[in-house]
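Listed here are the chains, written in short residue letters.
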Amino acid sequence: MKLLKFIFFLFLLILVTSCSSSKNFTTQQETNIRDGNNSKPMRLYLITNKQDSILLRKKSTYIKPDPKNKLIQLLANRLIATVNDSVSLGVGIAAPQVGILKNMICVQRLDKEDLPFEIYLNPVIKKYSDKKRPCPEGCLSIPNKRAKTLDRAFSILIEYDKLNGKHYTETVTDFVSVIFQHEIDHLNGILFIDHLLEESTTKNKK
């Protein structure tokens, strides 16, 4: 009897641990994601708000790809709704910009037919081209600010997971490459204005 109880307890412990390890979101994150349907935009986090600014400077964490996880799909749909909203219209957005510190970004693929918005999980840049792509940039989280960055790579090799649970490697170029670099920066707590500061510092040293 004691052995059976021990085995049952061990089974429960493994089950709870397994569920916990596969949990992608905190309770607060779940609440924020579920506070609306697929077509409802989420609140944008802005650097002009002190608390928002603190979160935007934090690094995001790994998100376990799971095609059956409805919460991941809901977040993906709401990110797309947010970046397409007339108030926050843009070509890309990262989960930290809606207060979710997870490695998820949404990028408009201007290099594809119909210019679709696509979701990428855990994107990592594996290689940068030596060739640069000077580009005017703006950010949904930085109101009324637009400036040219000079240090974006023209071409990058990236790895990422998709909502279907599969892992991919791809090379992207030109302006789409800039969008990916911009959004992946968000996952590391970096904003495009940081590139401007670096550029300014470099000029001052010359």
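Look up: the structure comes first, before these words.
Residues numbered from 1 in each chain as written. Predicted model: local features only at pLDDT ≥ 70, side-chain atom pairs only at ≥ 80, totals over all residues. Heavy atoms only, no water.

Caption draft 1: Broad picture of the overall build of the chain. If you tally the helices and strands in the chain, you get six helices and seven strands. Buried residues in the chain amount to 43% of all 206 residues. The contacts in the chain between residues at least 6 apart in sequence include a share of 66% that link residues at least 24 apart. (Helix = DSSP H or I, 4+ residues; strand = E, 2+ residues; numbered from the N terminus. Buried < 20%, exposed > 50% of the residue type's maximum accessible area, 1.4 Å probe, protein only. Contact = heavy atoms within 4.5 Å.)

Caption draft 2: A look at the nonpolar core. Phe25, Ile33, Leu75, Ile93, Ile100 and Met104 are the most contacted members of the largest nonpolar core, which totals 22 residues. Sorting the residues of this core by element identifies α4 (70-84), β2 (104-108) and β3 (117-128) as the ones contributing at least two each. The biggest single contributor to this core is α4, with seven residues. If near-sequence neighbours (up to four positions away) are discounted, Ile33 is found in contact with Phe25, Met42, Leu71, Leu74, Leu75, Arg78 and Ile100. Of all hydrophobic cores here, the second largest spans 15 residues; its members include Val172, Val176, Ile179 and Ile184. (Core = buried A, V, L, I, M, F, W, Y, C linked by side-chain atoms within 4.5 Å.)

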